[in-house]
Amino acid sequence: MKRRDWVKITGVAGTGLLLSSYMKFGYTKMGSNKASVDAAFNLSKADFGPDFKWGVSAAAYQTEGAWNADGKGESTWDHFSRKSGKIERGENADVAADFYHRYEEDIDLIKSMNFKVFRFSISWPRILPSGTGEINQAGLDFYHRVIDKCLAVGIEPWITIYHWDLPQVLEDQGGWTNRKILDWFSEYVEVVTKEYGGKVKNWMVLNEQFSFVAGGYLAGYMAPGRRNIRGFLKAVHHSVLCNAEGGRIIRRNVAGANIGTTFFTAHIEPLNQEQKHIEAASRVDAGINRLFIEPALGLGYPENALPVLKKIHKYYEPGDEDRMIFDFDFIGVQYYFRAIVEKSIIPYIQAKEVKAKDRGVPANELEYEIYPEGLYHVLKKFSEYKGIRNLLVTENGTCVPDRVEGGKVHDARRIEYFKNHLQSVFKARLDDVNVNGYFVWSPTDNFEWDKGFRTRFGLVYIDFQTQQRIVKDSGLWFQEFLK
Ligand code: GCO
């Protein structure tokens, strides 16, 4: 969308607020020079209000390393990354960003960039090496050190309970396809909430069910690498039950908790207005954007839009309808791209994406189309659910080919990316969308799953040979913006 379209949209309502605010819009084009970017962007931190949460997000497997240190058990990702051909260049996160040993430096860096929230995940097999049963005290101690460091420098620790690193021993028994995951997961949530609930008030149950369930059990490019429609449908249902159950356990164990969960989202559009493409886009939208939030809200699975989901009923047990629901205090929206969809013969979904490179639009190194307006659209879409009270953007960010030049990393394209996406968040707030936070993915470069270390998402560059950190220009930009 061009700047004039924003003016058009914001001009419609015609209130004083909107009129005085429309000058704040101005998407910048990829590759435009810095001067024109700065001329177009004139939002300040204050425009988002005093209670708006500014944070950074990271995940255990992608950053910690120390994969078998101090009694940690093997995770599905430790296991999967050792299989040949699963990760680009055969890489793994055995060391990753070495956060396990460098967390103090990294939290100091987050502080130096003026963020007030650090969202990180707990590694389940670090706490319960056998998945259930015996607790690893050294694992518990590590996250105490991380939490204490955050609190000491005035950063709020926000915990994601599960960001994809399932204990491998549980995967050997079926993982998310085994209904026993409900007991396993509940036990893990009991342990961590009782342990840290006195210090940590902000919790997220799961990170992106869509990604680990579809990527792990249907498409198979993520751990555990399975491809099976029945397993996928079971994993969907079990993850929905665990998401709600996790919320209930946090509510019981943590006084004054702010409880959320996070969802993968994408802005979906049909290739054109032909009915077959519109229907294809609606199936993809149901699979990506609606599949996990709607059952949590008591709306059931979006099976009218995506009929294969009707098969999930086979896996229901009495009482499941109610157990799928939890009244979350906030919903974390994670947004990276727009997808343009056309009809295809791919089973069940009968749709496929028209790739960014075939459309000649700007994209990052993962071929995610860079489409800031999409963040506005997904926020708007989620805000239309009656059951959602509060939204936060719990992940947004991009990879660009960073290079170190004279000890600096000039990632102007990443700065443009953030400016443009912040415009979208601001615009959503003007339109009364209750979005109250923005967390950057990610504080430092890290291990990008099946892509290994090829792509860099950090505000801080890491030389993975020496583990030396360099704050990129984008990190310095936030430092200034959040001052
Ligand atoms: C996610 C992930 C991250 C990715 C990021 C960039 O939730 O999708 O939390 O692990 O690294 O999305 O692709």
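Bear in mind the structure is a predicted one, so any value in this text is a computation, not a measurement. Starting from 1, residues in each chain are numbered consecutively following that chain's sequence as written. Local features are withheld for residues below a pLDDT of 70 in this predicted model, meaning they are given only at 70 or higher, and side-chain atom pairs are given and counted only at 80 or more; totals for whole chains, interfaces and linings count all residues. Think of the side-chain values as coming from all heavy atoms in the structure, minus any hydrogens and water.

To be near a molecule or strand, a residue needs just one of its heavy atoms within 4 Å of it. What surrounds the ligand is a group of 13 residues, the closest being Q62, H163, N207, E395 and E448. N or O atoms closer than or at 3.5 Å make up a polar contact, with two conditions inside protein: a donor-capable atom paired with an acceptor-capable one, and, for residues adjacent in sequence, both atoms drawn from side chains. Contact between the ligand and Y336: an oxygen atom at 3.0 Å from a side-chain N or O atom of the residue. Within the contact set of the ligand, an oxygen atom lies 2.6 Å away from a side-chain nitrogen or oxygen of E448. Look at the ligand: alone it shows 320 Å² of surface, and the protein chains cover 96% of it. When atom positions are compared with the pocket grids, the ligand is found to occupy the largest pocket. When the residues that make up the shell around the ligand are grouped by side-chain class, the tally is six nonpolar, four polar and three charged. For the area figures, the Shrake-Rupley method with a 1.4 Å probe applies, and any residue is considered shielded solely by the protein chains shown. Only protein atoms enter the 1 Å grid used here. Points where a 1.4 Å probe fits but cannot escape make up a cavity, open sets with protein on both sides within 12 Å along at least five of seven lines make up a pocket, and a residue lines them when an atom lies within 4 Å of a point. Think of it this way: if more than half of a molecule's atoms are within 2 Å of a pocket's grid points, that molecule is in the pocket or cavity. All residues other than Ala, Val, Leu, Ile, Met, Phe, Trp, Tyr, Cys, Pro, Asp, Glu, Lys and Arg, Gly among them, are scored as polar; the first ten of these are nonpolar and the last four charged.

Glancing now at the packing of aromatic side chains. Any pair of Phe, Tyr and Trp rings, taking the six-membered ring for Trp, is counted once the centres come within 6.5 Å. Such a pair is stacked with planes under 30 degrees apart, edge-to-face with planes over 60 apart, and tilted for the rest. Counted according to the given criterion, the structure contains 46 aromatic pairs. With centroids separated by 6.4 Å and ring planes inclined at 75 degrees, the aromatic side chains of Y301 and Y316 adopt a geometry described as edge-to-face. Highlighted residues: Y301 in the loop between α14 (293-296) and α15 (320-323) and Y316 in the loop between α14 and α15, separated in sequence by 15 residues. The rule is simple: take the accessible area with a 1.4 Å probe, protein chains only, and divide by the maximum for that residue type; under 20% is buried, over 50% is exposed, in between is partly exposed. We classify Y301 as buried; its relative accessible area is 5%. Given the relative accessible area of 17%, Y316 is considered buried. Grouping aromatic residues by their ring pairs yields a cluster made of F41, F48, F52, W54, F115, Y417, F418, F426, Y438, W477, F478 and F481. In this scheme, Lys NZ or Arg CZ marks a charge over a ring once it lies within 6 Å of the ring centre and within 35 degrees of the ring normal. The residue whose ring lies beneath R126 is F142, and the NZ or CZ to ring-centre distance is 5.7 Å. Lying across the ring of Y371, R338 places its NZ or CZ 3.8 Å from the centre. Strands are runs of DSSP state E lasting at least 2 residues, helices are runs of H or I lasting at least 4, and numbering of each runs from the N terminus.

A few words now on empty space enclosed by the protein. Grid points are joined across faces, edges and corners, and a volume is the space filled by probe spheres set on the points. A full pass over the atoms with the stated rule returns six cavities of 30 Å³ or more. Within this model, the largest cavity holds a volume of roughly 120 Å³. A58, T63, F99, F118 and P443 are, among the 15 residues lining the largest cavity, the residues nearest its centre. Of the residues assigned to the lining of the largest cavity, the class counts are 10 nonpolar, three polar and two charged. Looking at the second largest cavity, its volume works out to about 70 Å³. Forming the walls of the second largest cavity are A60, Y61, E64, G65, W67, K72, S75, D78, A93, S123, R126 and D165. Per-class residue counts for the lining of the second largest cavity are four nonpolar, three polar and five charged.

For the largest pocket, the calculated volume is near 1,600 Å³. Lining the largest pocket are 48 residues; nearest its centre among them are F210, Y221, I288, F337 and E353. Contributions of two or more residues to the lining of the largest pocket are made by α11 (209-217), α12 (229-253), α13 (275-290), β6 (330-343) and β7 (351-354). By residue class, the composition of the lining of the largest pocket is 30 nonpolar, six polar and 12 charged.

Okay, the environment of V460 next. By the element assignment, V460 lies in strand β12 (residues 460-463). A sequence separation of 402 residues divides V460 from A58, and the C-alpha atoms of the two residues are 12 Å apart. Contact between two residues is taken to exist if any of their heavy atoms lie within 4.5 Å; hydrogens are not considered. Discounting residues that sit within four places of it in the chain, V460 has contacts with L109, M113, P443, T444, D445, R469, I470, V471 and K472.

When pLDDT is averaged along the protein chain, the result is 93; 92% of the residues meet or exceed 70. Confidence of the predictor in every single residue is expressed as pLDDT, which spans 0 to 100. Across residues 1-39 the pLDDT falls below 50, and counting only partners more than four positions away or on other chains, this stretch makes 60 contacts in the model.

What follows concerns the pairing of strand β5 (residues 258-270). Two faces belong to every sheet, and in a regular strand the side chains alternate between them. In terms of burial, β5 is a largely internal element, 10 of the 13 residues being buried. A pair of strands is labelled paired if DSSP reports no fewer than 2 bridges between them. Pairing of strand β4 (residues 202-207) with β5 involves four bridges; the strand directions are parallel. Counted as the bridge partner of M204 is G260 from β5.

For α11, the buried fraction is high: eight of the nine residues fall into the buried class. Next to the buried residues of α11 lie β3 (156-162), α9 (168-171), β4, α12 and β5.

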